[in-house]
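Listed below are the residues making up each chain.
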Amino acid sequence: KKDIQTQKKKLETLTREAEEEKARAKEAARERVLKDFEKGQLALPTTTGTKTSEESEQSRGTKRKFEFDASVVENLAREAEEAALREIE
């Protein structure tokens, strides 16, 4: 009977350790995705050119609409994390 109890405790310990390792791997994947994203953002070239008066007249009066879809962003972030996790494993 004691042997069964010790085996259950060992199993619980191993399960908990596996879950903690999985969480650490997921966090490492998230950090890697963020680091890659930030590196990509810093590498973007900045435009320092000036517009001519004709170009500024054309752009004046028109607004660009930007639709932000949080579900798309969440899906892309999850996919990036999963890809980074696969690379780590």
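Our subject in this report is the structure included herewith.

Thresholds, definitions, all that
Residues numbered from 1 in each chain as written. Predicted model: local features only at pLDDT ≥ 70, side-chain atom pairs only at ≥ 80, totals over all residues. Heavy atoms only, no water. Helix = DSSP H or I, 4+ residues; strand = E, 2+ residues; numbered from the N terminus. Salt bridge = Lys/Arg side-chain N within 4 Å of Asp/Glu carboxyl O. Buried < 20%, exposed > 50% of the residue type's maximum accessible area, 1.4 Å probe, protein only.

**Focus on the environment of Glu82**
Then, number 1: Among the secondary structure elements, Glu82 is positioned in helix α3 (residues 70-88).
Then, number 2: Separated by 56 residues in the primary sequence, Glu82 and Lys26 have C-alpha atoms spaced 8.1 Å apart.

**Some details on the pattern of salt bridges**
Then, number 1: Summed over all chains, the structure comprises two salt bridges.
Then, number 2: As a salt-bridge pair, Arg24 and Glu21 come within 2.7 Å of each other at their nearest N and O atoms. Separated by three residues within a single helix, Arg24 and Glu21 lie in helix α1 (residues 2-42), roughly one turn from each other.
Then, number 3: The class for Arg24 is partly exposed, based on a relative accessible area of 47%.
Then, number 4: What makes Glu21 partly exposed here is its relative accessible area of 43%.
Then, number 5: Residue Arg30 is joined to Glu81 by a salt bridge in which the shortest nitrogen-to-oxygen separation is 2.8 Å. Of this pair, Arg30 sits in helix α1 while Glu81 is found in helix α3, placing the two residues 51 residues apart along the sequence.

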